[in-house]
Amino acid sequence: MGLTAAIAALSDSEYKDIGALIEAETPDDPVFCLSRRQAYNGARRFRAGFPGLVTYAVKSNPTPDLIQAFIDAGITAFDVASLHEMALVRSLLPDATLHYNNPIRSTAEIAGAASRYGVRHFTVDDREGLERIAKTVDRPADFEIAVRLRPARNMALHDFTSKFGAEPADATHLLAEVAARGFRPALTFHPGSQCTDPSAFVALMFDAAGVANAAGVTPGTVNVGGGFPAPYRDTGAPPLERFFADIGHAFKRGFDAEKTRLVCEPGRALSAPTMSLLTRVKHIRANGDVFLNDGIYGGLMELYMAPIALPVRAWRADSPLAGPASERKVYGPTCDPIDVLPAPLALPDDLAVGDWIEFGVIGAYGTATVTRFNGYGTHRIASVDRVLLTI
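The sections below set out a description of the structure shown in this document. Everything numeric here is computed off the predicted structure, so don't read it as measured data.

Considerations on the overall build of the protein
Part 1: Counting its regular elements, the protein contains 12 helices and 20 strands.
Part 2: Its C-alpha atoms give the protein a radius of gyration of 22 Å, within 12% of the compact-globule value 21 Å for 391 residues.
Part 3: Its C-alpha atoms put the protein at 70 × 40 × 40 Å along the principal axes.
Part 4: Expressed as a percentage of the 391 residues in the protein, the buried residues total 56%.
Part 5: A sequence separation of at least 24 residues applies to 74% of the contacts in the protein between residues at least 6 apart.
Part 6: Carbon and sulfur atoms make up 51% of the accessible area of the protein, which totals about 16200 Å².

See below:
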């Protein structure tokens, strides 16, 4: 589906911008605002620039309308980490290709993935995981098994050097065993979420080439994982096109593109720019502290776990608030002392109860980590054409 058709297919509830939503609904509960146009354009940028197959990591945001926008932009393969995510993707695109790249899975999950959802792409990072797959599936030649490499050091927002991945020597033996058992061998790695240095991908690509050479195995696929950076205020990363170019050059040096395909699985970089979170001011103390109708237990949970700086904009009725601003401590609505943002926000001096605060670039992990603590957590998703990207 082209962009014109995709936009024309949007529901009647779509608003041109946040101001139009506020004017029409005066929302008192938090609202995730999804720009399908931004989702479509972001996916098209990845598909045009990355020199291989682009898949979407569903875990970062499983909103069906978002996934549909990616499908409309031409994404037909997905990184899924559970049977639930498989069912979700299949409901939207029945013939989608599913990559089960979470290496931790039970025998029942392996069987369900293979028989119920037709998964033919798995990832392992230890011999026990490979053995479990081998005992569960028939016809190994039908399955691609990727061995996951562990980064040598952390160069990202979230450290991926401990929980997942095999050291190069172990990966070499594991890749050789994958091939010896009759599976289709592949290699994968992940530099870590919100990686701002393309050289991390390059180093891992050369590590992967070394493992393949040592094992004497030509992998059918090299998957560079996700980790591509989202455009937060403090990202400090080169444009995505620099990542694409450096990855492409490293791949050509280490592998034969006639025998090995290149794959990526962005989550954050695709989903983050597609959503804003619209919150409302519930209370302001005499000292200036602000209390919102959403917080750490809701759509802002990742702020508690990672030092990211979201763009923020205050609204009164259908217009943004301008004028002098001061840093304020901001709390969420729950009856819990840890429900406070880890860093103060610069908010207008004339901010008042009943105004709204929009948090931009929150499409990654905002909807995915919402809880129902204290009875909060009800977040509607509205379709809004223009959401906050920068300030």
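Brief notes about the pairing of strand β5 (residues 77-80)
Part 1: Both faces of β5 are covered, namely the face carrying Ala-77 and Asp-79 and the face carrying Phe-78 and Val-80.
Part 2: The pairing of strand β4 (residues 56-57) with β5 spans 2 bridges and is parallel. Looking across to β5, one finds that Ala-57 is bridged to Asp-79.
Part 3: Between β4 and its parallel partner β5, the chain crosses via helix α4 (residues 64-72), and the hand of that crossover is right-handed.

Let's talk about the nonpolar core
Part 1: Membership of the largest hydrophobic core comes to 103 residues, with the highest contact counts inside it found for Phe-78, Met-205, Val-224, Phe-228 and Phe-359.
Part 2: When residues of this core are assigned to their parent elements, the largest contribution, 10 residues, is made by helix α9 (residues 198-215).
Part 3: Setting aside its immediate chain neighbours within four residues, Phe-78 contacts Thr-55, Tyr-56, Val-58, Ile-67, Ile-71, Val-89, Leu-93, Ala-96, Thr-97, Leu-98 and His-99.
Part 4: In this structure, Ala-20, Val-31, Trp-356 and Val-387 belong to the second largest nonpolar core, which totals 13 residues.

Thoughts on the layout of surface pockets
Part 1: In this structure, the second largest pocket encloses a volume near 370 Å³.
Part 2: Mapped by element, the contributors of at least two residues to the lining of the second largest pocket are β14 (312-316) and β18 (345-348).
Part 3: Partitioning the lining of the second largest pocket into residue classes produces 19 nonpolar, no polar and 3 charged.

Re the packing of aromatic side chains
Part 1: Within this structure, the stated rule accounts for 14 aromatic pairs.
Part 2: Pairing Tyr-297 with Phe-373 gives two aromatic rings, centres 4.3 Å apart and planes at 35 degrees, and the pair type is tilted. Taken together, the residues Tyr-297 in the loop between β13 (290-292) and α12 (301-305) and Phe-373 in the loop between β19 (356-359) and β20 (380-386) connect sequence positions 76 residues apart.
Part 3: Its end group placed over the ring of Tyr-100, Arg-105 keeps NZ or CZ at 4.6 Å from the ring centre.

Examining the side chain of Asn-101
Part 1: Secondary-structure assignment places Asn-101 in the loop between β6 (97-100) and α6 (107-116).
Part 2: With residues up to four places along the chain from it excluded, the contact list for Asn-101 reads Asp-79, Val-80, Phe-122, Thr-123, Arg-148, Asn-223 and Glu-265.

A word on a nonpolar patch on the surface
Part 1: Residues Tyr-304, Met-305 and Ile-338 make up a contiguous nonpolar surface patch of roughly 300 Å² in combined accessible area.
Part 2: Topologically, Tyr-304 is positioned in helix α12.

Considering the environment of Ile-133
Part 1: Looking at the secondary structure, you find Ile-133 in helix α7 (residues 127-136).
Part 2: Ile-133 sits 52 residues away from Pro-185 along the chain, and the two C-alpha atoms are 14 Å apart.
Part 3: Excluding residues within four positions of it along the chain, Ile-133 makes contact with Arg-105, Ile-110, Phe-122, Val-124, Ile-145 and Phe-183.

Digging into helix α10 (residues 240-254)
Part 1: Relative to the 21 Å expected for 15 residues at 1.5 Å per residue, α10 spans 21 Å between its end C-alpha atoms, a close match to the ideal helical length.
Part 2: For α10, every residue scored as buried is listed here: Leu-240, Phe-243, Phe-244, Asp-246, Ile-247, Gly-248, Ala-250 and Phe-251.
Part 3: Taken together, the buried residues of α10 touch α3 (36-49), α9, β10 (221-223) and β11 (261-264).

Focus: the side chain of Asp-17
Part 1: With respect to the element layout, Asp-17 can be found in strand β1 (residues 15-17).
Part 2: Every residue in contact with Asp-17, bar those within four places of it in the chain, is listed here: Val-384 and Arg-386.

Examining the pattern of salt bridges
Part 1: A full pass over the atoms with the stated rule returns 19 salt bridges.
Part 2: A salt bridge links Asp-28 to Arg-280; the shortest N-O distance between them is 3.3 Å. With Asp-28 in the loop between α2 (18-25) and β2 (31-34) and Arg-280 in strand β12 (residues 275-284), the pair connects residues that are 252 residues apart, well separated along the chain.
Part 3: Given a relative accessible area of 52%, Asp-28 falls into the exposed group.
Part 4: Across the pair Glu-358 and Arg-313 runs a salt bridge whose closest N-O atoms are separated by 2.8 Å. Note that Glu-358 is positioned in strand β19 and Arg-313 in strand β14, a separation of 45 residues in sequence.
Part 5: If you follow the salt bridges from partner to partner, you end up with Arg-127, Glu-131, Lys-135, Glu-177 and Arg-181 in one network.

Examining the sheet that holds β5
Pairing between the strands of a sheet is mediated by backbone hydrogen bonds and can be parallel or antiparallel.
Part 1: Here 9 strands make up an open sheet; going across it, the order is β3-β11-β10-β9-β8-β7-β6-β5-β4 and the pairing parallel. Each end of this open sheet is capped by a strand with a single partner; those strands are β3 (53-54) and β4.
Part 2: The pairing of strand β9 (residues 184-189) with β10 spans 2 bridges and is parallel. Bridging from a neighbouring strand, Leu-187 pairs with Val-222 of β10.
Part 3: Its contacts with the sheet put helix α5 (residues 83-92) on β5 and β6, and the angle it makes with β5 is roughly 160 degrees.
Part 4: Relative to the sheet, helix α8 (residues 168-180) contacts β7 (121-124), β8 (144-149) and β9, its axis offset from that of β8 by approximately 175 degrees.

The rules behind these values
- Residues numbered from 1 in each chain as written.
- Predicted model: local features only at pLDDT ≥ 70, side-chain atom pairs only at ≥ 80, totals over all residues.
- Heavy atoms only, no water.
- Helix = DSSP H or I, 4+ residues; strand = E, 2+ residues; numbered from the N terminus.
- Rg over C-alpha atoms; globule rule 2.2 N^0.38 Å.
- Buried < 20%, exposed > 50% of the residue type's maximum accessible area, 1.4 Å probe, protein only.
- Contact = heavy atoms within 4.5 Å.
- Areas by Shrake-Rupley, 256 points an atom, 1.4 Å probe, with all protein chains shown as cover.
- Pairing = 2+ DSSP bridges.
- Right-handed = clockwise from strand over helix to strand, strands pointing away.
- Core = buried A, V, L, I, M, F, W, Y, C linked by side-chain atoms within 4.5 Å.
- 1 Å grid on protein atoms, 1.4 Å probe; cavity = no way out; pocket = protein on both sides within 12 Å on 5 of 7 lines; lining within 4 Å.
- Points joined across faces, edges and corners; volume = space filled by probe spheres on them.
- Nonpolar A, V, L, I, M, F, W, Y, C, P; charged D, E, K, R; others polar.
- Phe/Tyr/Trp six-rings, centres within 6.5 Å; stacked < 30°, edge-to-face > 60°.
- Lys NZ or Arg CZ within 6 Å of the ring centre and 35° of its normal.
- Patch = residues over 30% accessible without salt bridge, like charges linked within 9 Å, V, L, I, M, F, W, Y side chains within 5 Å.
- Salt bridge = Lys/Arg side-chain N within 4 Å of Asp/Glu carboxyl O.
- Expected span 1.5 Å × (residues − 1).
- Axes fitted to C-alpha atoms, helices over the stretch in contact; angles between N-to-C directions.

Spatial relationships are all this shows, so hold off on functional conclusions.
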